Amino acid sequence: MVKSMTGYGKAETTISSGKITVEIRSLNGKTADISIKTSLLPKDKEIAVRQKIAAALNRGNIDFFITYEPNAAENAKQINMDLAMDYYRQISALGSKIGATNLWSQNPNDLLATILRMPEVIDSKKQDVITDENWPVVDACIDQALENINAFRSKEGAVLHADVESKVGNIMACSIEIEQYESERTCQIREKILNRFAEIKAEPDQSRLEQEMIFYLEKLDINEERVRLRQHCKYFLDTLENDPLPGKKLGFIAQEMGREINTTGSKANHTEIQKLVVKMKDELEKIKEQSLNIL
């Protein structure tokens, strides 16, 4: 089954302190380029997570996110009582030195508000969200996100498969259509050469003329290119259908298809064949673009 390298997967789980959300996003890339975009993942787990992602997704530019939403109680802020009392004692001592005594009794609300605004008096609880105890739950959530992104990739891959397959079919159809112009093209070339002799009023040796004409027509023959093009197209479709990871190989086959199409165009010497060559080139460019996103 063809898979796209573009995908998105998300999974959620709960731990004692809140909710964990894992998100994985991927775009096409030549290798597994993994970016861990979270500070919540413990450093000792990072290598294992990278290996897990690479094994599951194989290739692509991959972004990995973990976000945390704490419970209401966990989100509550705390007052550092010891630090607040230390600020109070310092402020009282300062008041005594400058003669501003009884600060607490005169302006208790203002004094309290001032102390609460001092650095680090009020702060959120700081603790490790992901621990060894809850890691199995988080690890299972990562597995689920990977399963979801792979399902997304498979769905997109089915669309890519159908699109690329139809475009290869269009190229093969154009190659077959060229056949109807082969005899007409040969006659036009022969007539053009004979007309040129008539213009210069020359009487060529018929035996030599036939030999030279056969040699010239053989140089312009495109049957061999058309045969090779059809073989490349069939190989492309076979690889698309049977190779578990066909992306890179499809790119190489498309290059070979392009060579045969270009050679056909350079030898064509016929308006209608040139139009068909342009159509094939257009389809091939779309195939190349889509193949870059096939895993």
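This report concerns the structure included in the present document. These numbers come from a predicted model, not from an experiment.

1. So, unusual backbone geometry
Leave glycine aside and you will find that most residues have negative phi; peptide bonds, for their part, are mostly trans. Notably, N58 is not glycine yet its phi reads approximately 70°, a positive angle. With respect to the helices, strands and loops of the structure, N58 is situated in the loop between α1 (43-57) and β4 (60-70). N58 sits in the partly exposed class, given a relative accessible area of 34%.

2. A closer look at the pattern of salt bridges
If you walk through the whole model with that rule in mind, you get 20 salt bridges. For K37, the salt bridge identified is with D63, shortest N-O distance 3.6 Å. Here D63 lies in strand β4 and K37 lies in the loop between β3 (32-36) and α1, a separation of 26 residues in the sequence. A salt bridge links E225 to K267, with the shortest nitrogen-to-oxygen separation between them at 3.0 Å. Within this pair, whereas E225 is found in helix α9 (residues 223-242), its partner K267 is found in helix α10 (residues 247-268), the two being separated by 42 residues in sequence. Classification of E225 as buried rests on a relative accessible area of 5%. Counted as one network, the salt bridges with shared partners bring together E224, E225, R228, E260 and K267.

3. Comments concerning the layout of surface pockets
Quantified by volume, the largest pocket comes out at close to 330 Å³. Around the largest pocket sit 15 residues that line it, and K30, G247, K248, G251 and L292 are the ones nearest its centre. Within the residue set of the lining of the largest pocket, elements represented by two or more residues are α10 and α11 (271-291). Top contributing element to the lining of the largest pocket by residue count: α10, with six residues. Within the lining of the largest pocket, the residues separate by chemical class into five nonpolar, six polar and four charged.

4. Overview of a nonpolar patch on the surface
Taken together, I79, M81, L112, L116 and I122 make up a surface patch of nonpolar side chains, about 420 Å² in accessible area. For I79, the position within the fold is in strand β5 (residues 77-79). Taking relative accessible area as the criterion, I79 reaches 43% and is therefore assigned partly exposed.

5. Some points on the side chain of S4
Locating S4 in the fold gives a position in the segment before β1 (7-15). Owing to a relative accessible area of 1%, S4 belongs among the buried residues under this scheme. There is a polar contact of 3.1 Å between the side chain of S4 and the side chain of N293. Leaving out residues up to four positions away in the same chain, S4 has contacts with R153, E156, G157, L160 and N293.

6. A few points about the packing of helix α6 (residues 135-178) against α9
Where α6 meets α9, the axes come as close as 10 Å, and the angle between the chain directions of the two elements is 165°. With respect to their mutual orientation, α6 and α9 come out roughly antiparallel. Once α6 is placed against α9, the crossing between them reads as left-handed. In contact with H161, V164, E165, V168, I171, M172, S175 and I178 of α6, α9 contributes R226, L229, R230, C233, K234, F236, L237, L240 and E241. Grouping the amino acids of the contact of α6 with α9 by side-chain chemistry returns 10 nonpolar, two polar and five charged.

The rules behind the values
Residues numbered from 1 in each chain as written. Predicted model: local features only at pLDDT ≥ 70, side-chain atom pairs only at ≥ 80, totals over all residues. Heavy atoms only, no water. Helix = DSSP H or I, 4+ residues; strand = E, 2+ residues; numbered from the N terminus. Buried < 20%, exposed > 50% of the residue type's maximum accessible area, 1.4 Å probe, protein only. Salt bridge = Lys/Arg side-chain N within 4 Å of Asp/Glu carboxyl O. 1 Å grid on protein atoms, 1.4 Å probe; cavity = no way out; pocket = protein on both sides within 12 Å on 5 of 7 lines; lining within 4 Å. Points joined across faces, edges and corners; volume = space filled by probe spheres on them. Nonpolar A, V, L, I, M, F, W, Y, C, P; charged D, E, K, R; others polar. Patch = residues over 30% accessible without salt bridge, like charges linked within 9 Å, V, L, I, M, F, W, Y side chains within 5 Å. Areas by Shrake-Rupley, 256 points an atom, 1.4 Å probe, with all protein chains shown as cover. Polar contact = N/O pair within 3.5 Å; in protein donor to acceptor, adjacent residues only side chain to side chain. Contact = heavy atoms within 4.5 Å. Axes fitted to C-alpha atoms, helices over the stretch in contact; angles between N-to-C directions. Parallel < 35°, antiparallel > 145°, perpendicular 65-115°, else oblique. Left-handed = near helix turned anticlockwise from the far one by under 90°.

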